[in-house]
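Structural features, examined
What follows is each chain in one-letter form.
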Amino acid sequence: MHELSIAASLVELVEEQASKVLRLPDAARISVVGIRLGALSGVVKESLLFCFDSVTRGTRMQDAVLEIEEISVTIFCTTCDTEQTLPSIQSLRCPVCGTVSLGITRGKELELSFIELSEDTTNEHAPTPYQHENCPA
Ligand SMILES: [Zn+2]
């Protein structure tokens, strides 16, 4: 399943960012993962959302929301000498003048755009004052 391996790589990438770049403690949780998904990326959004839920189980991204920004296909039309956004991915034809273009400038994206941390993560699993028997100190 294509989306499953993509979701797994995404989780790996976020984990790497979180621990190596942001240097978050293991207890820090991530609440939102934002990605950009181009219409030509070949990824089915619904499958990716489904797979994300299953691969994040047991990670710091468990229960995180995957926010997908869908990117339309944009071509550079040499006749119009400008970028044009295509209404669909069925044909790579300029919607204004009809010239076929293979100069795709946007629409193949599959990239991480942002991550958001849960704010109450540090206190969430802290013992309450009445659980002294579990406290090693
Ligand atoms: Zn054109």
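Procedures and definitions
- Residue positions are counted from 1 within each chain, in the order its sequence is given.
- Side-chain atom pairs in this predicted model are given and counted only at pLDDT of 80 or more, local residue features only at pLDDT of at least 70, and totals for whole chains, interfaces and linings cover all residues.
- Only when DSSP finds a minimum of two bridges between them are two strands counted as paired.
- Only runs of H or I of at least four residues qualify as helices and only runs of E of at least two qualify as strands under DSSP, and these elements are numbered from the N terminus.
- Here an angle of 0 to 180 degrees is reported between the N-to-C directions of two axes, which are lines fitted to C-alpha atoms, with helices fitted over the stretch in contact.

**Thoughts on the sheet that holds strand S4 (residues 82-85)**
- Reading across the sheet, the 3 strands line up as S4-S3-S5 and stay open at both edges, with antiparallel pairing between neighbours. The sheet is open, and its two borders are formed by S4 and strand S5 (104-106), each paired with just one other strand. Within this sheet the neighbouring strands show an average axis-to-axis angle of 40°, counted without direction.
- When strand S3 (residues 74-77) meets S5, the two strands line up antiparallel, connected through 2 bridges.

**A short note on the pairing of strand S1 (residues 30-38)**
- With 7 bridges connecting them, S1 and strand S6 (residues 110-117) associate as antiparallel partners. Opposite Val33, over in S6, you have Ile115 as the bridge partner.

**Things to note about the environment of Ser88**
- Within the secondary structure, Ser88 sits in the loop between S4 and S5.
- Residues Ser88 and Val73, spaced 15 residues apart in sequence, show a C-alpha to C-alpha distance of 7.6 Å.

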